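Residue-level listing of the chains:
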Amino acid sequence: MKISVIGLGYLGVTHAVAMATLGHEVIGIEPDQNKVTSLQNGTVPFYEPGLTDALAKAIAAGNISFQQQHDDKSASANIHFITVGTPQSDANQAADTSFVFAAATELAAILKPDSLVVGKSTVPVGTAANLIQTMESISGFTPAVCWNPEFLREGTALADSLKPDRIVIGSNEKPMNQPLIDCYEEILSQGVPLLEMDLATAELVKVSANAFLATKISFINAMAEIAEASGADTVMLAEAIGLDNRIGKSFLRTGIGFGGGCLPKDIRGFIARANEMGVGSSLSFLTEVDQINLRRRQRVVDLASQELGALKGKTIAMLGISFKPDSDDLRDSPALEIALKLHSSGATVKVHDPISLEALTDKHPDLTTASSAIDTCSDADLVILGTEWRQYKELAPETLFPKTKTIIDGRNVLDVETWQAAGWKVIALGRNIQNG
Ligand code: UGA
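Not measured: the values here are computed from a predicted model. (Residues numbered from 1 in each chain as written. Predicted model: local features only at pLDDT ≥ 70, side-chain atom pairs only at ≥ 80, totals over all residues. Heavy atoms only, no water.)

J.: Got a sec to walk through the overall build of the protein chain? Specific residues and values, please.
T.: When helices and strands are tallied, the protein chain shows 18 helices and 14 strands. In summary, the protein chain has a C-alpha radius of gyration of 23 Å against a globular reference of 22 Å for 436 residues, a match within 12%. For the protein chain, with 436 residues in total, the buried portion stands at 53%. In the protein chain, the proportion of contacts linking residues at least 24 apart, taken out of those at least 6 apart, comes to 70%. A total accessible area of about 18600 Å² is found for the protein chain, and carbon and sulfur atoms account for 52% of it. (Helix = DSSP H or I, 4+ residues; strand = E, 2+ residues; numbered from the N terminus. Rg over C-alpha atoms; globule rule 2.2 N^0.38 Å. Buried < 20%, exposed > 50% of the residue type's maximum accessible area, 1.4 Å probe, protein only. Contact = heavy atoms within 4.5 Å. Areas by Shrake-Rupley, 256 points an atom, 1.4 Å probe, with all protein chains shown as cover.)

J.: A description of the site of the ligand should follow, citing residues and the corresponding values.
T.: Taken together, the neighbourhood of the ligand is formed by 21 residues, with Phe 151, Leu 152, Glu 154, Asn 210 and Arg 253 sitting nearest. Between the ligand and the protein, one listed contact pairs an oxygen atom with a backbone N or O atom of Arg 253 at 2.8 Å. Calculation on the ligand without its partners gives an accessible area of 720 Å², and the protein chains cover 91% of this total. Among the secondary structure elements, those contributing two or more residues to the shell around the ligand are helix H10 (199–230) and helix H12 (263–276). In terms of residue count, the dominant contributor to the shell around the ligand is H10 (4 residues). Here the residues of the shell around the ligand are counted per class, giving 10 nonpolar, 3 polar and 8 charged. (Near = heavy atom within 4 Å. Polar contact = N/O pair within 3.5 Å; in protein donor to acceptor, adjacent residues only side chain to side chain. Nonpolar A, V, L, I, M, F, W, Y, C, P; charged D, E, K, R; others polar.)

J.: Lay out the packing of H10 against H12 in plain terms, naming residues and giving numbers.
T.: One way to put it is that H10 packs onto H12 with a least axis distance of 9 Å and a crossing angle of 115°. Judged by the sense of rotation from one axis to the other, the crossing of H10 with H12 is left-handed. Counting all contacts with H10, which are made through Leu 204, Lys 206, Val 207, Ser 208, Asn 210, Ala 211, Ala 214 and Ile 217, the residues of H12 involved are Leu 263, Asp 266, Ile 267 and Phe 270. Grouping the amino acids of the contact of H10 with H12 by side-chain chemistry returns 8 nonpolar, 2 polar and 2 charged. (Axes fitted to C-alpha atoms, helices over the stretch in contact; angles between N-to-C directions. Left-handed = near helix turned anticlockwise from the far one by under 90°.)

J.: Describe the sheet that holds strand S11 (residues 368–369), and please don't skip the residues or the numbers.
T.: The strand order across the open sheet built from 6 strands is S11-S10-S9-S12-S13-S14, with neighbouring strands paired in parallel fashion. Both edges of this open sheet fall to S11 and strand S14 (425–428), since each of them pairs with a single strand only. Across 4 bridges, the pairing between strand S9 (residues 315–319) and strand S12 (residues 382–385) is parallel. Directly across from Ala 317, in S12, lies its bridge partner Val 383. Helix-sheet contacts for helix H13 (residues 284–308) involve S9, S12, strand S13 (406–409) and S14, and the interaxial angle to S13 is about 165°. Packing against the sheet, helix H14 (residues 334–344) makes contact with S9, strand S10 (348–352) and S12, and its axis sits at approximately 170° to S9. (Pairing = 2+ DSSP bridges.)

J.: Quick rundown of helix H11 (residues 234–242)? Include the residues and the values.
T.: Taken together, the buried positions of H11 are Thr 234, Ala 238 and Gly 242. Each buried residue of H11 sits inside an arc of 70° when the element is viewed along its axis, so together they form one side. Among the exposed residues of H11, those pointing more than 90 degrees away from its buried face are Met 236 and Ala 240. Looking at the buried side of H11, the elements it contacts are H10. (Arc of directions from axis to C-beta.)

J.: Explain the nonpolar core to me, using residue names and the numbers behind them.
T.: In this structure, Ile 64, Phe 81, Leu 180 and Tyr 184 are the most contacted members of the largest nonpolar core, which totals 42 residues. In terms of residue count, the dominant contributor to this core is helix H1 (residues 10–21) (8 residues). Non-local contacts of Leu 180, meaning those with residues more than four positions away in its chain, are made with Ile 79, Phe 81, Leu 116, Val 118, Cys 146, Asn 148 and Ile 169. Residues Ala 335, Ile 338, Leu 360 and Leu 429 belong to the second largest nonpolar core, which totals 27 residues. (Core = buried A, V, L, I, M, F, W, Y, C linked by side-chain atoms within 4.5 Å.)

J.: Mind laying out the sheet that holds strand S5 (residues 116–119), listing which residues take part and the relevant values?
T.: Strands sit in the order S3-S2-S1-S4-S5-S6-S7-S8 across an open sheet of 8 strands; the sheet is mixed. The two strands at the open ends of the sheet, each matched to only one other strand, are strand S3 (64–67) and strand S8 (194–197). Ignoring strand direction, the axes of neighbouring strands in this sheet form an average angle of 25°. Both strand S1 (residues 2–6) and strand S2 (residues 25–29) contribute to a ladder of 5 bridges, which runs parallel. Within the sheet, the bridge partner assigned to Ser 4 lies in S2 and is Ile 27.

J.: Mind laying out the environment of Gln 40, listing which residues take part and the relevant values?
T.: As for its placement among the helices and strands, Gln 40 is situated in helix H2 (residues 33–40). In this structure Gln 40 comes out as partly exposed when scored by relative accessible area, which is 41%. C-alpha separation for the pair Gln 40 and Arg 268, spaced 228 residues apart in sequence, amounts to 35 Å. Apart from the residues lying within four places of it in its own chain, the contact partners of Gln 40 are Ile 59 and Phe 66.

J.: Any chance you could break down the side chain of Glu 203 for me, citing the residues and the numbers?
T.: If you trace the backbone, Glu 203 turns up in helix H10. Buried charged residue Glu 203 carries no salt bridge. Nearest counter-charge: Arg 273, at 7.4 Å. There is a polar contact of 2.7 Å between the side chain of Glu 203 and the backbone nitrogen of Ala 128. (Lys, Arg positive; Asp, Glu negative; His and termini not counted. Salt bridge = Lys/Arg side-chain N within 4 Å of Asp/Glu carboxyl O.)

J.: Please set out the pairing of S13 residue by residue, giving values where relevant.
T.: Along S13, one buried face is formed by Thr 406 and Ile 408 and the opposite face, lined by Ile 407 and Asp 409, is buried too. As paired elements, S13 and S14 share 4 bridges and run parallel to each other. For Asp 409, the partnering residue across the bridge sits in S14 and is Ala 428. Once the chain exits S13 it traverses helix H18 (residues 416–421) before rejoining the sheet at S14, and the crossover so formed is right-handed. (Right-handed = clockwise from strand over helix to strand, strands pointing away.)

So this is what it looks like as structure tokens:
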């Protein structure tokens, strides 16, 4: 099938490459000339395992290309996917849908009546209905619009796109969905469940899924606060409650909490939308979910102060700065916020991260970087593990030579006995660790 993918950020690039991998003829559209050039040359403008190789294959096969604007070729696509970002508005924390409407407005001017428009961006409920009206006023006909939320996770994005847990399609009439079902035929033939529903429900599925995941993480981090006050251990608690199938083990890893470009902004946008609709009290618990999450960051700063006294003049090593491993995304990263808070309290923060240092230096040149985990920790008064990259989990503690052998495990991934046996004091969030 002929496909256009409008908006080449994280979601758009991954989706474009995934569709090309399925054998479709893909045109990616993105106003930023630098991104277009970079993608044409086979360079993915962010880190995502496997994506560069898949892009190279698609380029070699001749079924992907990139351009700044629509042309006759892109206008003749069977399906136009809208994959632009919906960032958090500064004013009221709502999702800013202006890029979605801008993309749809441009598309409406060249849209053919037999093409299908598919929204994949995460939007407030009700957006698709407004979008149809906006497009109709430009194109002169009622466009066929589906909403098809994306559930990919950074770090496993391509695999998540090609083998998702489910495909959700929202539309005003089921027959409208058929071209999209045909487009995903290879994925659906693997037994991936297809759920067809109305537009509003499809929009809500995405934000409510992210709200539920955020709530799970903040639930276990609230238990961490209780555990810290009572001497209990949240890692053991999470294992015990997670064995109940109704609860499940995933997303109960206690630590410095969630970050990234999705969970934090999506819960805030969801709250803003509920307020707009006059049902704010239904989601008031999400404000608490957000607060619990942010308190975990401050907790690490407080623990550092407890250990070091005044932070001014102290050197703190930060292992990992991206919001999660296998990603160079620094948006709302808990590790980054902790590093910045420590820095503004007068500490020298030395950061290592396997792939995010370039992005870090661009945005925060005031933070010191080091070329290896060993260098970062050398002579440090305190070490903090901020992102659970595999190489940190596998670090041999006897290879590190800080001034003081104290580590705060912000992600609860270190083998406490091994570190203690090497002479380290281990502090972890929500745990009652006895250090000798
Ligand atoms: C999230 C969702 O998981 C995806 O399904 C969704 O498609 C995506 O947002 C999106 O809306 O585009 P992602 O932001 O890549 O994906 O990251 P997650 O794997 O959800 O992790 C989010 C944060 O939660 C990370 O900072 C991670 O360290 C933290 N986390 C995760 C915990 O603190 N504890 C856990 O138990 C799990």
